[in-house]
Amino acid sequence: SQTIHQWPATLVQPVGSPLSLECTVEGTSNPNLYWYRQAAGRGLQLLFYSVGIGQISSEVPQNLSASRPQDRQFILSSKKLLLSDSGFYLCAWSLPSGTGIFSGNTIYFGEGSWLTVV
Amino acid sequence: GIQVEQSPPDLILQEGANSTLRCNFSDSVNNLQWFHQNPWGQLINLFYIPSGTKQNGRLSATTVATERYSLLYISSSQTTDSGVYFCAAGRGDNYGQNFVFGPGTRLSVLP
């Protein structure tokens, strides 16, 4: 079965420090991968998505970046964090439409990472 | 792009009560999903339902794609049903950028 893991689960970082959140998917190949952010009390905002190794698309311009060095690994980074970067970050995966037993882009989320920038 | 609205924004129920959550979307979609976010933040996929009706235990969902809405029914609610329910809609393809989340309905089930 497919599983998704992301870490760390919680993180408290000072303003201006770097960030690295990592996500891995197991049990599938060539998944679509996503990073979402959820500000306190609000909905989910898509930050980045990737359809393959080295292929990253950004939805929201900001000081965050994403990389996909391996097929099932997705990393969210920042060189210098801002206070406004605080939030709950979720990694997710899906398969392309019509692939295997999944229909459409059924999307599955990791456990999430709570980031507090102080 | 697609816009997704949910109602009501907040809902408080007594344990055992039934409820209906609504999701409206602004454009034709072939991908509609319901999620439950528990108090610890974990998002669980409840239904993939671009059209028709599905049931899973005390939960069921109906999507009327031609009228651009979906409903999530919760029967005999339990305190463990508390959390935020999100609807997400999109035009499924190889890319996720058309998959938009609604603002959510925050459900509190009281014992």
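Along each chain, numbering runs from 1 in the same order as the chain's sequence is written. Naming scheme: in the order in which they are written, chains are lettered from A and ligands are numbered from 1. Side-chain atom pairs in this predicted model are given and counted only at pLDDT of 80 or more, local residue features only at pLDDT of at least 70, and totals for whole chains, interfaces and linings cover all residues. In computing side-chain values, all of the structure's heavy atoms are included and hydrogens and water are not.

Colleague: Help me out: how do you make sense of the pairing of strand S7 (residues 64–70) of chain A in this one?
Modeller: Each regular strand displays side chains that alternate between the two surfaces of the sheet. By this definition, two strands are paired if DSSP reports at least two bridges between them. Only DSSP runs of H or I covering at least 4 residues are called helices, and only runs of E covering at least 2 are called strands; the numbering of each starts at the N terminus. As paired strands, S7 of chain A and strand S8 (residues 73–78) of chain A are joined by five bridges and run antiparallel to one another. Of the residues in S8 of chain A, the one forming a bridge with Ser65 of chain A is Ser77 of chain A.

Colleague: Explanation requested: the confidence of the model for chain B in the structure shown.
Modeller: Detailed conclusions should not be drawn from predicted coordinates in areas where pLDDT is low. pLDDT is a residue-level measure of predictor confidence that goes from 0 to 100. Residues at a pLDDT of 70 or more form 94% of chain B, whose mean pLDDT is 91. At the low end of the mean pLDDT range in chain B sits strand S10 (residues 100–101) of chain B, at 87; at the high end sits strand S8 (residues 69–74) of chain B, at 98.

Colleague: Got a minute to help me understand the side chain of Gln6 of chain B in this structure?
Modeller: Residue and element names in this part refer to chain B. Turning to its location among the elements, Gln6 is positioned in strand S1 (residues 4–7). In protein, a polar contact means a hydrogen-donor-capable atom and an acceptor-capable atom, both N or O and within 3.5 Å, with residues adjacent in sequence counting only if both atoms are side-chain atoms; elsewhere, any N or O pair within 3.5 Å suffices. Within the structure, the side chain of Gln6 is placed 2.9 Å from the backbone oxygen of Tyr85, a separation counted as a polar contact. Setting aside chain neighbours within four positions, we find Gln6 in contact with Arg22, Cys23, Trp34, Tyr85, Phe86, Cys87, Gly102, Pro103, Gly104 and Thr105. A contact between two residues is defined here by any heavy atoms of the two lying within 4.5 Å.

Colleague: Would you mind showing me how to read the environment of Leu13 of chain B here?
Modeller: Residues and elements named next belong to chain B. Looking at the secondary structure, you find Leu13 in strand S2 (residues 10–14). The cut-offs for exposure are 20% and 50% of the maximum accessible area for each residue type, with area from a 1.4 Å probe on protein chains only; residues under the lower value are buried, those over the upper are exposed, and the others partly exposed. Using a relative accessible area of 10% as the deciding quantity, one classes Leu13 as buried. Each C-alpha atom of the pair Leu13 and Leu107 lies 7.6 Å from the other, and the pair is 94 residues apart in sequence. Dropping the residues within four chain positions of it, Leu13 is found in contact with Asn18, Ser19, Ser77, Leu107, Ser108, Val109 and Leu110.

Colleague: Looking at this structure, I do not really get the sheet that holds S7 of chain A. What am I missing?
Modeller: By definition, the strands of a sheet pair up through backbone hydrogen bonds, in either a parallel or an antiparallel sense. All names here are of chain A. Strand order in the open sheet formed by four strands is S1-S3-S8-S7, and the pairing between neighbours is antiparallel. Edge positions in the sheet fall to strand S1 (3–7) and S7, since each of these pairs with one other strand and no more. If you compare each strand with its neighbour and ignore which way they point, the axes differ by 15 degrees on average. For helices, the fitted line uses only the C-alpha atoms of the stretch in contact; every axis is such a line through C-alpha atoms, and the angle between N-to-C directions lies from 0 to 180 degrees.

Colleague: Mind showing me how you'd approach the confidence of the model for chain A here?
Modeller: With 91% of its residues at a pLDDT of 70 or more, chain A shows a mean pLDDT of 88. Confidence, expressed as mean pLDDT per element, reaches its minimum in chain A at strand S6 (residues 55–58) of chain A with 87 and its maximum at S8 of chain A with 97.

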